[in-house]
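These are the residues of each chain, in order.
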Amino acid sequence: MFGYRVPAPDEAMLISGGRQGRNGAPFRVVTGHGAFVVPFFRKARYLSLAMSESEVAEQCVTKQGISLNVRSVIAFKVGNDEESIVNAGQRFLSDQDQMSTLTGRIFAGHLRSIIGSMTVEEIVTERQKLASEVLDGSKAEMIKIGLTVDSLQIQSIDDMNSGYIDAMAAPHNAAIQRQAQIAQAQANQAAAQAQQESQRAQAEYARKTAVVQAQYKAEIDKAQAEAAQAGPLMQAQTQIGVINAQSELAQRQSELRKRQLVAEVVRPAEAEAEKVRILAIADAERMRILAEAAASNDRVALDRTLIDQLPQIVSAAAGGLAGANVNVLNGADGLSEIAAGLVGQGLTILDSIKKNLAAGPEATAAAAVARLPQAPQDGRQSGS
């Protein structure tokens, strides 16, 4: 919009030509927002609120009279409050580069003043104290010109080759060097120990590695040997299996042949033998029957012969009595008893002959003779 102005975030817009600003300021301060500026009647100018820096390189004399060349850097800017902006605008709006120059001069003066009240040892060892005192000493002047200091850094302190700082640092350097040497020796010792331990560890690891490799090699050799023997072993096992199978086959063939022989030879032979035995038994039985029949016929014939000859045997027995001196006491009854006795003896002889037929003709004849009546010695026959 025509006549409307907006300052940058790091700028302050100073509007002059109209009513005065706050607290009697000759211009109105606008930051963070825009404002309408009437052309020809108002004029707007801009003051930077950005960070700036100033370097200070000043030769100072310490409390001991030793000259030092001190270098420092100051970081500053215009304050954010309206009063600081007004103070800075009144002093630096037309030439804002003068802020760095004036700031450097202010700090140089305070730096010389403060260093003159300190020793070299304090300056060297307490740089932060030096910076704080310089800031405190310049704060009031910086507020008057509308500036604030963010930081002050002492970059270097040089005794301009007088050797004082080096001499001051010599004991510390010697102690530091001694400590450094001790530390180096300890470090070397630790390094040597570490190296020895590392070598021992490496040797132990190498030994274990060698042992493991030997074990692996032994296992590999064993596996290779087993693999090399696997073929012949498998072949031998196969041959053994074939031999066993052949043996079993031969055994089964032998058993089959035995069964065939039994079926073809033994069984028929046994059947034939049984047949012969049965026929022999039958023939023997037949012969026995025939023999018994023959014996029976012979006994019948003998009985018949004996019966036929019984009268003759009785007659012969009676004839044996012919020359005997026999006295018959009972008359006709006594004679009848003698005749009956002779007949009875004949029958007894016949039964004995029948019983002794199995002993043969000789036994039969002997029995018959034994049964023949004998004549009494005294030539007498008594009767009742």
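Keep in mind it's a predicted model, so treat the numbers as computed, not measured.

**Q** Break down unusual backbone geometry for me, citing the residues and quoting the values.
**A** The backbone of M160 shows a phi angle near 55°, a positive value even though the residue is not glycine. Note on placement: M160 falls in the loop between β8 (147-158) and α5 (164-320). The partly exposed category is assigned to M160, whose relative accessible area is 35%. Positive phi is not limited to glycine here, since N161 has a value of about 65°. Note on placement: N161 falls in the loop between β8 and α5. By relative accessible area, which is 77% here, N161 ends up exposed.

**Q** So what's going on with the environment of V78? Which residues, and what values?
**A** Among the secondary structure elements, V78 is positioned in strand β7 (residues 67-78). It is 4.5 Å that separates the C-alpha atoms of V78 and L147, two residues lying 69 residues apart in sequence.

**Q** Break down the sheet that holds strand β2 (residues 11-16) for me, citing the residues and quoting the values.
**A** Spatially, three strands are ordered β3-β2-β5 in an open sheet, and the strand pairing comes out antiparallel. Only two strands of the sheet have a single neighbouring strand rather than two, namely β3 (28-30) and β5 (43-48). Sheet twist, expressed as the mean angle between neighbouring strand axes with direction ignored, is 30°. Where β2 meets β3, three bridges bridge the pair, whose relative direction is antiparallel. In the strand pairing of β3, I15 is matched with R28.

**Q** Can you explain the side chain of T62? Please cite residues and give values.
**A** Along the chain, T62 falls in the loop between β6 (52-61) and β7. Here T62 is in contact with L68, I115, G116, M118, V120 and I123, once residues within four sequence places are set aside.

**Q** Which residues make up the packing of helix α2 (residues 98-115) against helix α4 (residues 127-144), and what values go with them?
**A** Packing of α2 against α4 leaves a shortest axis separation of 9 Å and a crossing angle of 130°. By the angle between their directions, the pair α2 and α4 is classed as oblique. Between α2 and α4 lies a crossing of right-handed hand. Contact residues: T103, I106, F107, H110, L111, I114 and I115 in α2; L130, E133, V134, L135, G137, S138, E141 and M142 in α4. Taken together, the residues of the contact of α2 with α4 break down into nine nonpolar, four polar and two charged.

**Q** Can you tell me about the confidence of the model for the chain, naming the residues and giving the values?
**A** In this model, the chain carries a mean pLDDT of 77, and residues with pLDDT of at least 70 account for 74%. Within the chain, helix α7 (residues 361-370) has the poorest average pLDDT of any element, 49, and β7 the best, 90. Across residues 372-384 the pLDDT falls below 50, and counting only partners more than four positions away or on other chains, this stretch makes 20 contacts in the model.

**Q** Mind laying out the side chain of D159, listing which residues take part and the relevant values?
**A** Here D159 lies in the loop between β8 and α5. Nearest to the buried, unbridged D159 among oppositely charged side chains is R127, at 11 Å. At 3.2 Å, the side chain of D159 and the backbone nitrogen of G163 are in polar contact. If sequence neighbours within four positions are ignored, D159 has contacts with S67, L68, Y164, I165 and D166.

**Q** Requested: an account of a nonpolar patch on the surface, with residues and values cited.
**A** A surface patch of nonpolar side chains, amounting to about 310 Å² of accessible area, comprises Y4, V6 and F36. Relative to the helices and strands, Y4 is located in strand β1 (residues 4-5). Looking at Y4, the relative accessible area reads 42%, which means it is partly exposed.

**Q** Can you lay out the sheet that holds β7 for me, pointing to particular residues and giving the numbers?
**A** Strands sit in the order β6-β7-β8 across an open sheet of three strands; the sheet is antiparallel. Lying at the two open borders of the sheet, with one neighbouring strand each, are β6 and β8. Strand after strand, the sheet turns through a mean of 20° between neighbouring axes, direction not considered. When β7 meets β8, the two strands line up antiparallel, connected through ten bridges. For R71, the partnering residue across the bridge sits in β8 and is S156. Sitting on the sheet, α4 touches β7 and β8, and the angle it makes with β8 is about 145°.

Calculation notes
- Residues numbered from 1 in each chain as written.
- Predicted model: local features only at pLDDT ≥ 70, side-chain atom pairs only at ≥ 80, totals over all residues.
- Heavy atoms only, no water.
- Helix = DSSP H or I, 4+ residues; strand = E, 2+ residues; numbered from the N terminus.
- Buried < 20%, exposed > 50% of the residue type's maximum accessible area, 1.4 Å probe, protein only.
- Pairing = 2+ DSSP bridges.
- Axes fitted to C-alpha atoms, helices over the stretch in contact; angles between N-to-C directions.
- Contact = heavy atoms within 4.5 Å.
- Parallel < 35°, antiparallel > 145°, perpendicular 65-115°, else oblique.
- Left-handed = near helix turned anticlockwise from the far one by under 90°.
- Nonpolar A, V, L, I, M, F, W, Y, C, P; charged D, E, K, R; others polar.
- pLDDT = per-residue confidence, 0-100.
- Lys, Arg positive; Asp, Glu negative; His and termini not counted.
- Salt bridge = Lys/Arg side-chain N within 4 Å of Asp/Glu carboxyl O.
- Polar contact = N/O pair within 3.5 Å; in protein donor to acceptor, adjacent residues only side chain to side chain.
- Patch = residues over 30% accessible without salt bridge, like charges linked within 9 Å, V, L, I, M, F, W, Y side chains within 5 Å.
- Areas by Shrake-Rupley, 256 points an atom, 1.4 Å probe, with all protein chains shown as cover.

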